[in-house]
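# Residue-level structural notes
One-letter residues, chain by chain:
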Amino acid sequence: MSAITAEHENDDHHHDHGPEKGFLRWIVTTNHKDIGTLYLFFALAMFFVGGTMALIIRAELFEPGMQFVTPQFFNSMTTMHALVMVFGAVMPAFVGFANWLIPMMIGAPDMALPRMNNMSFWMLVAGVLLLASTLFMEGGAPASGWTLYPPLVLQTGAALPFAIFSVHLLGISSIMGAINIIATIFNMRAPKMTLMKMPLFVWTWLITAFLLIAIMPVFAGAVTMLLTDRFFDTSFFDAAGGGDPVLYQHIFWFFGHPEVYVMILPTFGIASTIIPVFARKALFGYSSMVYATAAIAFLSFIVWAHHMFTVGMPMSGELYFMYATMLIAIPTGVKIFNWTATMWRGSMTFETPMLFSIAFVVLFTLGGFTGLMMALAPVDFQYHDTYFIVAHFHYTLVPASIFILMAGGYFWLPKWTGNMYDERLAKLHFWLSAVSVNILFFPQHFLGLAGMPRRIPDYAVQFSDWNMVSSVGAFIFGFSQLMFVYIVVKTIKGGTGEKVTDEVWEGAAKHSLEWTLPSPVPYHTFATPPEKIPSEHF
Amino acid sequence: MKTKQLFAGLFLMALSLGTAQADYTLNLMEGVTSISRDVYGLHMLVLWVCVFIGVGVFGVMFYSIYFHRKSRGYKAANFHESTKVEIIWTVIPTVILILLVIPATRVMIEMDDVADSEMTIKVTGWQWKWEYEYLDTGIHFFSSLDEASNKARQLNSGIDPRTVANYLLEVDKPLVVPVNTKIRFLFTAADVIHSWWVPDLGWKKDAIPGFVNDAWTSVEKAGTYRGQCTELCGKDHGFMPIVVIAMEKPDYEKWVVEQKGLAVENASAAVKEWTKEDLVAKGEKVYANNCASCHMPDGAGLAGTFPAITASAVVTGDISAQVDLMLNGKGMMPAFGQMLDPVDFAAVSTFIRNGLGNSVGDAIQPSAVKALQAAVPEVVYDDDE
């Protein structure tokens, strides 16, 4: 420990230039910490934009009958809610954490390609603004669901080409970010930081970055084919011209299934980082965690058609995709067992990051169970496109990805700002979130099983009660998240006034390099690579 | 303290999962076919497997959370790897999966077998209604949301949906099938992708324009079974329900005879000369069922998306241009040439010229429409089965 502390005093000699003064700092910055902050704040803003759309949906569904919006606008809301949450909130938030943490975790001074880093952020902003602008266009925003299936999506009004170009921009931004992360991890690790000594968050992002490079061009290709079908008389997806609408679905889900793992693998990484710290024990089965992550990533490329069991594939296809999908349960199970074994005979404390992480393990497992149920193709003929699947994927996204993003926020905020957040308020935020998220999504299982299709603006009266419960949960959950903003802002402005130690959390420096740096972290860190690296897991 | 709350929360969740078993309405329905019961059995099997695993994993986790905590003075152990347990918890789930896959494969094979079916019904999805064709008897009709639901579901209609019988799950003309008969369904669509789902039959199948999918059922109990479109198909996706009435075979035979009589009546109605007043009166109903959801009940349209009928240049102009547009469709406007019979088509064509604030004064006869419809080529589907 003391050797490490001595070393970063050494850093101060190189600490000769700070950030650009004034507002321009946030426009031209190439500093990984500034760009990380930009990504995180942008993601948080989009989380509230997407959340507002979700509340419009839940308000309309509070009661049977149409009270607030037209069916067309309702469809725009479900579509835009998904696109904004996926591409504007969850993915950028994880890129924000990657920017902040990967260099500090591997002992690098910055990302490998800092200027590209800046460009990928601003391209993301451009892409999301372009997407948001479609809300004000003639014919409204895209209303075909975030999957943009033809032929329906081709009925979109003036918004269609803008939405497509927005996807292109978001894709370029993601690919640039992914290249940057891979280049950083492969080239800038401290000398003793071998691949199998990297923190799991770095590992999961490395694998995620490869997924992104593989899939974003596929999605860009698919939407470009939509563009030419609409404007240049091609017939990729039009049977009348020899094309096939189902072809689009195959291409889309070849992108779409790995895409959902882009949102969950870094989640696994942060959970694997937080749980050992508060269990005061090394992560159980480090290498099996790495292999399981790689296995999940590989499997994600060969299971796509389980999203489309009902399109009328030949039976051999249905069986293959059923078997392949079920295999995913094995590496995912290994991860859940490893987290449990990490807690087992630990010396646990339950600060807010740990609470969110435990809730993640439990509620993600519920989402995994319903995933296993849907893997069985004949049963999926009942579940498909009902609220059962809405419940499933929200369990794997909200109390999983979103909860872990919150956990990561509370976990690293003291390190980043040097100030402690208000633990009492944070715990209140956790309990409100954890309870309301279940009020929100658990009843949707019942609705789906009882026969309520998804993406409908109005429903038969027997679905009234659980929809009402779900909507109440949605509003409690949505407004609870304002607490997070309050707590973050308060922490940045000085927090509880208590000065945090370099380690912040007891024993954290044993787990990962960033806790060996001073709190708050200086603008430039690891100008010279650290000589000693934490060796918890060997 | 906090752990107790966590426990309480999880206990409540477990309890609600428990009621999912006890209370039938919260769970998947067993349905009325052998397939739907097989599917239900699989669903319960995998649900119990998940409950079993969940109790095990969460049990260990919460034991640990309760006992292995710093506040109880528990000192952390120092283990962090064991190849043996990693192998155990890889192999056991694999065995469980294999046990699940065997019955699932059996059901899948059974579902896929449409051979030896006794009759065939072709289902075509339209924005936003279903078309049914009984290929063996030639019975053919469209089925759309019933008028009461359609009125109540308009934005701020002022009608409480709870007062509408089978709100959003009632149609003007249900699909009628005989019980204990293996029926093959063929699915296709005219515009965008739809999906035909009646939960009691145990499956759903996508209806895809330009392609034909098949599935089969054999309903074991007479009754009325309701479902909905389950593939997002545009603004009125939530408003194209499915109603299947399964009848005992003699009742079904009677229904078939009735339908054939109706077809003859319709054919003679199509050749007789109609007065303008009769056409307008009939056209008003046709308009409400087919046109009002886009062009609005008062014909005002929706700015930017759906043109107004009132004072429309097309509707107040040359009648043959208007009829041509209705026959062949344009952009989002479906081709009604195949959707409406000659009487309904002539009636609604005449109604919009002489109602909704228009007063052109002319009319078109069903016989003239019939001739025009015959000139429109049938859509040819590519059957890849």
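Chains are numbered independently. Their residues run from 1 in the order of the written sequence. Each chain is given a letter, starting from A, and each ligand a number, starting from 1, according to the order in which they appear as written. At least 70 in pLDDT is required for a residue's local features to be given in this predicted model, at least 80 for side-chain atom pairs to be given and counted, and no such filter applies to totals for whole chains, interfaces and linings, which use all residues. To get the side-chain values, all heavy atoms of the structure are used, and hydrogens and water are removed first.

## Points about the overall build of chain A
The numbering of helices and of strands both runs from the N terminus, where a helix is a DSSP run of H or I of at least 4 residues and a strand a run of E of at least 2. Assigned secondary structure in chain A consists of 16 helices and zero strands. The atom set for the radius of gyration is the C-alpha atoms, and the globule formula is 2.2 Å times the number of residues raised to the power 0.38. What you see for chain A is a C-alpha radius of gyration of 23 Å, in line with the 24 Å of a compact globule of 538 residues. Expressed as lengths along the three principal axes of its C-alpha atoms, the size of chain A is roughly 70 × 50 × 45 Å. Partly exposed describes any residue whose relative accessible area lies between the buried limit of under 20% and the exposed limit of over 50%, with all areas from a 1.4 Å probe on protein chains only and scaled to the type maximum. Taken over 538 residues, chain A has a buried fraction of 68%. Residue contacts are counted whenever heavy atoms from the two residues lie within 4.5 Å of one another. A fraction of 82% describes how many contacts in chain A between residues 6 or more apart in sequence connect residues 24 or more apart. Accessibility throughout is a Shrake-Rupley quantity obtained with a 1.4 Å probe, and a residue counts as covered only by protein chains that appear here. Carbon and sulfur atoms provide 70% of the accessible area of chain A, an area that totals close to 16600 Å². Charge counting treats Lys and Arg as positive and Asp and Glu as negative, with His and both chain ends excluded. Positions of charges follow a simple convention, taking NZ of Lys, CZ of Arg, CG of Asp or CD of Glu. In chain A, 23 side chains carry a positive charge and 31 a negative one; their mean positions are 9 Å apart.

## Re the overall build of chain B
Looking only at helices and strands, one finds 11 helices and 10 strands in chain B. Reported as C-alpha extents along the three principal axes, the dimensions of chain B are approximately 95 × 50 × 40 Å. Restricting to contacts in chain B with at least 6 residues of sequence separation, those with at least 24 account for 66%. If you average the places of the 32 positive and of the 45 negative side-chain charges in chain B, the two averages end up 12 Å apart.

## Overview of the pattern of salt bridges
Oppositely charged side chains can pair when the atoms bearing their charge come close. Salt bridges are defined as contacts in which a side-chain nitrogen from Lys or Arg sits within 4 Å of a carboxyl oxygen from Asp or Glu. Under the defined criterion, the tally for this structure stands at 17 salt bridges over all chains. Between Asp385 of chain A and Arg454 of chain A there is a salt bridge, with its nearest N and O atoms 3.4 Å apart. You can see Asp385 of chain A sitting in the loop between α13 (377–383) and α14 (387–417) and its partner Arg454 of chain A sitting in the loop between α15 (423–450) and α16 (464–492), a full 69 residues away along the chain. The buried category is assigned to Asp385 of chain A, whose relative accessible area is 5%. One salt bridge connects Asp422 of chain A with Lys490 of chain A, and the closest N-O pair in it is separated by 3.1 Å. Linking Asp422 of chain A in the loop between α14 and α15 with Lys490 of chain A in helix α16, this pair joins segments that are 68 residues apart in sequence. Salt bridges sharing common partners tie together Glu63 of chain A together with Asp160 and Arg162 of chain B.

## A look at the domain arrangement of chain B
Residue and element names in this part refer to chain B. Each assigned domain of chain B is listed with its residue range as follows: domain 1 (2–112), domain 2 (119–266) and domain 3 (273–375). Segmentation into domains, and thus their bounds, comes from an automatic or database assignment. Spacing between the C-alpha centres of domain 2 and domain 3 amounts to 25 Å. In this assembly, 12 residues from domain 2 lie in contact with 12 residues from domain 3. Taken as a group, Trp126, Lys129 and Lys235 account for 38% of the area that domain 2 buries against domain 3, more than any other trio of residues on that side. Simply put, the buried area is the total loss of 1.4 Å probe accessible area from both parts when two parts are fitted together.

## Notes on the pairing of strand β2 (residues 129–134) of chain B
Residue and element names in this part refer to chain B. Summarising burial for β2: five of the six residues are buried, a large majority. A pair of strands is treated as paired once DSSP finds two or more bridges between them. With six bridges joining them, strand β1 (residues 119–126) and β2 adopt antiparallel strand pairing. Pairing of Lys122 across the sheet is with Glu133, part of β2. Between the antiparallel neighbours β1 and β2 lie two residues. Taken together, the four bridges between β2 and strand β3 (residues 140–143) define a ladder with antiparallel strand orientation. The residue bridging Trp130 from the neighbouring strand is Ser143, located in β3. What sits between the antiparallel neighbours β2 and β3 is a turn of five residues, in which Gly138 has the positive phi angle 80 degrees.

## A short note on the pairing of strand β5 (residues 183–189) of chain B
Residue and element names in this part refer to chain B. The buried fraction of β5 is high, at six of seven residues. Of the strand pairs in this sheet, β1 and β5 are connected by seven bridges, and their pairing is parallel. In the sheet register, Met119 faces β5, and the bridge partner there is Ile183. Looking at chain direction, β5 and strand β8 (residues 213–217) are connected through five bridges and run antiparallel. For Leu186, the partnering residue across the bridge sits in β8 and is Asp214.

## So, the sheet that holds strand β4 (residues 175–178) of chain B
All names here are of chain B. Read across the sheet, five strands follow the order β4-β10-β9-β6-β7 without closing on themselves; strand pairing throughout is mixed. At either margin of the open sheet sits one strand with a lone partner, and together these are β4 and β7 (203–207). Each adjacent strand pair in this sheet contributes to an overall mean axis angle of 25 degrees, direction not counted. The pairing of strand β6 (residues 194–198) with strand β9 (residues 223–229) spans two bridges and is classified as antiparallel. Residue pairing across strands places Trp196 opposite Cys229, the latter belonging to β9. In this analysis, axes come from line fits to C-alpha atoms, helices being fitted only over the stretch in contact, and the angle between any two N-to-C directions falls in the range 0 to 180 degrees.

## Things to note about a negative patch on the surface
All names here are of chain B. Residues with no salt bridge and a relative accessible area higher than 30% make up the patches, which join like charges within 9 Å and nonpolar side chains (Val, Leu, Ile, Met, Phe, Trp, Tyr) within 5 Å. A cluster of like negative charges, contributed by Asp112, Asp113, Asp116 and Glu118, occupies part of the molecular surface. Within the fold, Asp113 resides in the loop between α3 (83–112) and β1. Asp113 sits in the partly exposed class, given a relative accessible area of 40%.

## What about the confidence of the model for chain A?
All names here are of chain A. Confidence per residue, as judged by the predictor, is encoded in pLDDT with a range of 0 to 100. With 96% of its residues at a pLDDT of 70 or more, chain A has an overall mean of 93. Here helix α1 (residues 2–11) stands out as the element of chain A with the lowest mean pLDDT, 45, in contrast to helix α3 (residues 32–60), whose mean of 97 is the highest. Counted against residues more than four places away or in other chains, residues 1–15, with its pLDDT under 50, gives 21 contacts.

## Side note on the sheet that holds β3 of chain B
Residues and elements named next belong to chain B. If you walk across this open sheet you meet the five strands as β3-β2-β1-β5-β8, and the pairing is mixed. Two strands lie at the open edges of the sheet, namely β3 and β8, each paired on one side alone. Ignoring which end each strand starts from, the neighbouring axes of this sheet average 25 degrees apart.

## With respect to the packing of aromatic side chains
In this analysis, rings of Phe, Tyr and Trp, with Trp reduced to its six-membered ring, are considered paired at centre separations within 6.5 Å, and the interplanar angle assigns stacked below 30 degrees, edge-to-face beyond 60, and tilted for intermediate values. The full count for this structure, using the stated rule, is 68 aromatic pairs over all chains. With centroids separated by 5.6 Å and ring planes inclined at 75 degrees, the aromatic side chains of Phe254 of chain A and Trp304 of chain A adopt a geometry described as edge-to-face. One end of the pair, Phe254 of chain A, is in helix α8 (residues 245–279); the other, Trp304 of chain A, is in the loop between α9 (286–299) and α10 (315–327), with 50 residues separating them in the sequence. In this analysis the charged atom, NZ for Lys or CZ for Arg, is taken to sit over a ring once it is within 6 Å of the ring centre and within 35 degrees of the ring normal. Lys281 of chain A extends its terminal NZ or CZ atom over the ring of Phe79 of chain B, reaching a point 3.8 Å from the ring centre.

## Notes on the side chain of Asp206 of chain B
By the element assignment, Asp206 of chain B lies in strand β7. It is Lys204 of chain B that comes nearest to the buried, bridge-free Asp206 of chain B among opposite-charge side chains, at 8.0 Å. Engagement of the side chain of Asp206 of chain B in a polar contact is seen with the side chain of Thr310 of chain A, the distance being 3.0 Å. Polar contact is the term for a pair of N or O atoms within 3.5 Å; when the atoms are in protein, one must be able to donate a hydrogen and the other to accept it, and sequence-neighboring residues count only if both atoms are side-chain atoms.

## Some remarks on the state of the cysteines
Throughout, disulfides are identified as pairs of cysteine sulfur atoms within 2.5 Å of each other. Scanning the model with the defined rule gives zero disulfides over all chains in all. Cys233 of chain B provides the cysteine sulfur closest to Cys229 of chain B, a residue in no disulfide bond, and the two sulfurs are 3.9 Å apart.

## Some words on the environment of Lys70 of chain B
Here Lys70 of chain B is to be found in the loop between α2 (34–67) and α3. For Lys70 of chain B, a relative accessible area of 36% puts it in the partly exposed group. Leave out the neighbours within four places in its chain, and Lys70 of chain B touches Arg280, Ser347, Met348, Thr349 and Glu506 of chain A.

## Comments concerning α9 of chain A
Helix span, expected: 1.5 Å multiplied by one less than the number of residues in the helix. End to end, α9 of chain A covers 20 Å across 14 residues, agreeing with the expected 20 Å (1.5 Å per residue, within 8%). All of the buried residues along α9 of chain A are Tyr286, Ser288, Met289, Val290, Ala292, Thr293, Ile296, Ala297 and Leu299 of chain A. Buried-residue contacts for α9 of chain A involve α7 (200–231), α8, α10 and α11 (329–343) of chain A together with α3 of chain B.

## Some thoughts on the side chain of Gln382 of chain A
Here Gln382 of chain A lies in helix α13. Residue Gln382 of chain A is classed as buried on the basis of its relative accessible area, which comes to 1%. The residues contacting Gln382 of chain A, other than those within four sequence positions of it, are Leu28, Val39, Trp197, Pro199, Gly202, Trp203 and Lys204 of chain B.

## Let's talk about the environment of Asn338 of chain A
Examined against the element boundaries, Asn338 of chain A turns out to sit in helix α11. Using a relative accessible area of 0% as the deciding quantity, one classes Asn338 of chain A as buried. Each C-alpha atom of the pair Asn338 of chain A and Tyr286 of chain A lies 8.6 Å from the other, and the pair is 52 residues apart in sequence. Setting aside chain neighbours within four positions, we find Asn338 of chain A in contact with Phe284, Gly285, Ser288 and Met289 of chain A together with Glu86 and Trp89 of chain B.

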